[in-house]
Amino acid sequence: MTSELFAPLPLRSGQVLKNRIAKAAMEENMAGTGQLPDEQLFTLYRRWAGGGTGLLITGNVMVHAEALTGPAGVVLDEHAPLEPFVEWAKAGKSGGGAIWMQINHPGRQVASDMPGVVWGPTDIGVSLGKHSSRFGKPTAMTAQQIEETVARYAVTAQRAEKAGFDGVEVHAAHGYLLSQFLSPLVNKRTDQWGGSLENRARMLLDIVRAVRAAVSPSFAVAVKLNSADFQRGGFDADDARQVIAMLEPLGVDLVELSGGSYESPAMTGRSADSRTRSREAYFLDLAKDLVTTSPLPLMLTGGITKRTTAEQVLAGGVSVIGMGTALAVTPDLPDRWREDREADRSMRPVNWSDKALASAASMAQVRHQMRRLARGSGTRPGTHPVIALISEQRKQRKALRGYRTWLAKPRGKA
């Protein structure tokens, strides 16, 4: 029997995904010299491209060189040379699927030891209890900084298309800048970017308009949105429903649903909310509610590892299945599903009581697998989370020294 998982999906831009399986964005933190993609990322994406996915979405690429989620983040701005991005796009398309670049600004979610800027809609910092000092103290963005940031997204999208990518995904989830503007807990502004949901969504909508105007009609534009922040009084499913409706007239091809932030890491299955306990398809219940009203195709990401779960999600009306960790462990999982096989290994769970530390260790484990794939090795998901976390911290310290040096140098237009 032919599964709906392997049916093509036409999008409003005219692009056709070869199947309904996507590699969702995972922050690789593997930039080479000059915050650029290099052979590590090319090898990693060739591995994924050869595994049968219809769509690869890159880890978040930064639109602002002075604002990175981590010191080994990739930057594509007006100054970056395009050649490395051309090679990255070729690697991602080498298996016949599409590759989209996720574009992002961290806002206030910037480590306290990072140089550059820490911005937010207001000066409210990340609250992680004893771990709060890990993040810098944000300053509220001015109107000019907001407008310049909107323009940066458009520049990055335009250059991504020029490099050969098939689309971009604007990251408005997981507590990053656009998610901060959407959140009534963080966005306490009293001007045109704060207050009502329409005002809190203004920056996202302005960015989507600017991106759509900067790229060709056949270039895909997607948005990653929290189905909920999983914080009392925060952005919720009803807000998500309204924002999706606002995005529909703007030429958006797809909305990816996820959830959580560093303060409530539901995207790793660690939220206290019963809907996102560690199980398959963390956000399926919320997606079922949203899919009935969404005027746009939806992609669901979060914890999907088995074909039966993926088919259940599709049967509920979701258009694309997004997987992250499962593909970091088993990069050829879609081809296995096509042959009625499943993964023969899975990631070692991190069930520590400290949610912030557990989330960091889980992400370190995933990056450990990605680095093994980038070296041409097999994955080793049984690696102890403490070992993965210590290794990640060492790599980040080294990358931070390189980023500081790079940022201090003058850069001319590419």
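Our subject is the structure that appears above.
This report concerns the structure included in the present document. (Residues numbered from 1 in each chain as written. Predicted model: local features only at pLDDT ≥ 70, side-chain atom pairs only at ≥ 80, totals over all residues. Heavy atoms only, no water.)

1. Quick notes on the packing of helix α12 (residues 355-374) against helix α13 (residues 385-408)
Heads up, the condition is: Between N-to-C directions, angles span 0 to 180 degrees; the directions come from axes that are lines fitted to C-alpha atoms, helices contributing only their stretch in contact. A run of H or I in DSSP becomes a helix once it reaches four residues, and a run of E becomes a strand once it reaches two; helices and strands are each numbered from the N terminus. Any angle from 65 to 115 degrees is called roughly perpendicular, while one under 35 is roughly parallel, one over 145 is roughly antiparallel, and all others are oblique. For this analysis, residues touch if any pair of their heavy atoms sits within 4.5 Å. Ten residues, namely Ala, Val, Leu, Ile, Met, Phe, Trp, Tyr, Cys and Pro, are considered nonpolar, four, namely Asp, Glu, Lys and Arg, are considered charged, and the remaining ones, Gly among them, are considered polar.
α13 packs onto α12 with a crossing angle of 75° between their chain directions and a minimal axis gap of 8 Å. The angle between α12 and α13 places the two elements in the roughly perpendicular class. Contact residues: α12 offers L357, A360, A361, A364, Q365, R367, H368 and R371, while α13 offers P385, A388, L389, E392, K395 and Q396. Partitioned by chemical class, the residues of the contact of α12 with α13 number seven nonpolar, three polar and four charged.

2. Some points on unusual backbone geometry
At Q35, a position not held by glycine, the phi torsion is positive, near 60°. Note on placement: Q35 falls in the loop between β3 (21-23) and α1 (39-49). Even without being a glycine, H174 presents a positive backbone phi close to 60°. Inspection of the secondary structure assignment puts H174 in the loop between β9 (167-172) and α4 (177-182).

3. A look at the nonpolar core
What counts, and what does not: Here, nonpolar core means buried Ala, Val, Leu, Ile, Met, Phe, Trp, Tyr and Cys residues that are tied together by side-chain atoms lying within 4.5 Å of each other. Under the scheme applied here, a residue whose accessible area is under 20% of the maximum for its type counts as buried, over 50% as exposed, and between as partly exposed, the area being computed with a 1.4 Å probe on protein chains only.
Within the largest apolar cluster, 94 residues are counted, with the highest numbers of intra-cluster contacts made by F85, M203, L204 and L247. Once you skip the residues sitting within four places of it in the chain, L204 turns out to touch V170, A172, L178, L182, V223, V243 and L247. Of all hydrophobic cores here, the second largest spans 15 residues; its members include A24, A220, L254 and M299.

4. Regarding the pattern of salt bridges
We count it as follows: Salt bridges are defined by distance alone: a side-chain nitrogen of Lys or Arg within 4 Å of a carboxyl oxygen of Asp or Glu.
Tallied over the entire structure, the rule returns 21 salt bridges. Of the charged contacts in the structure, one is a salt bridge between K90 and E87, with a shortest N-O distance of 3.7 Å. Placement of both K90 and E87 in helix α2 (residues 83-93) is noted, with a separation of three residues, approximately one turn of the helix. Residues R212 and D253 are paired through a salt bridge, measuring 3.6 Å at the closest nitrogen-oxygen approach. Linking R212 in helix α6 (residues 202-214) with D253 in the loop between α7 (237-247) and β11 (254-258), this pair joins segments that are 41 residues apart in sequence.

5. A short note on α7
Quick note on the threshold: Comment: arc refers to directions from the helix axis out to C-beta atoms. Counted as a polar contact is a pair of N or O atoms within 3.5 Å, where, for protein atoms, one must be capable of donating a hydrogen and the other of accepting one, and residues adjacent in sequence contribute only when both atoms are in side chains.
Among the residues making up α7, those that are buried are A237, D239, A240, V243, I244, M246 and L247. Buried residues along α7 cover an arc of 170° about the axis, so they all sit on one side. Residue D236 occupies the N-cap position of α7, its side-chain oxygen lying 3.2 Å from the main-chain nitrogen of D238.

6. Focus: the packing of aromatic side chains
We apply this condition: Note on ring pairs: Phe, Tyr and Trp rings are taken, using the six-membered ring of Trp, and paired if centres are within 6.5 Å. Classes follow the plane angle, with under 30 degrees stacked, over 60 edge-to-face and the rest tilted.
Within the structure shown, the criterion is met by five aromatic pairs. Judged by centre distance (5.6 Å) and plane angle (85°), the rings of Y45 and W88 are edge-to-face. Of this pair, Y45 sits in helix α1 while W88 sits in helix α2, and the two are 43 residues apart along the sequence. For W88, a relative accessible area of 0% translates into the label buried. Between W88 and F165, the ring centres sit 5.9 Å apart and the planes meet at 90°, which makes this aromatic pair edge-to-face. Of the two residues, W88 is situated in helix α2 and F165 in the loop between α3 (143-163) and β9; the sequence distance between them amounts to 77 residues.

7. Quick notes on the pairing of strand β6 (residues 98-104)
Here is the key point about a regular strand: its side chains alternate between the two faces of the sheet. Inclusion rule: Two strands qualify as a pair provided DSSP detects at least 2 bridges between them.
The element β6 is extensively covered by neighbouring structure, given that seven of its seven residues are classed as buried. By the alternation rule, side chains of β6 split into A98, W100, Q102 and N104 and I99, M101 and I103, which are all buried. Looking at chain direction, strand β5 (residues 61-62) and β6 are connected through two bridges and run parallel. Opposite V61, over in β6, you have I103 as the bridge partner. Sheet topology note: the β6/β9 ladder contains four bridges and is parallel. Residue pairing in the sheet places W100 in a bridge with G167 of β9.

Take it as geometry only, folks, not as evidence of what the structure does.
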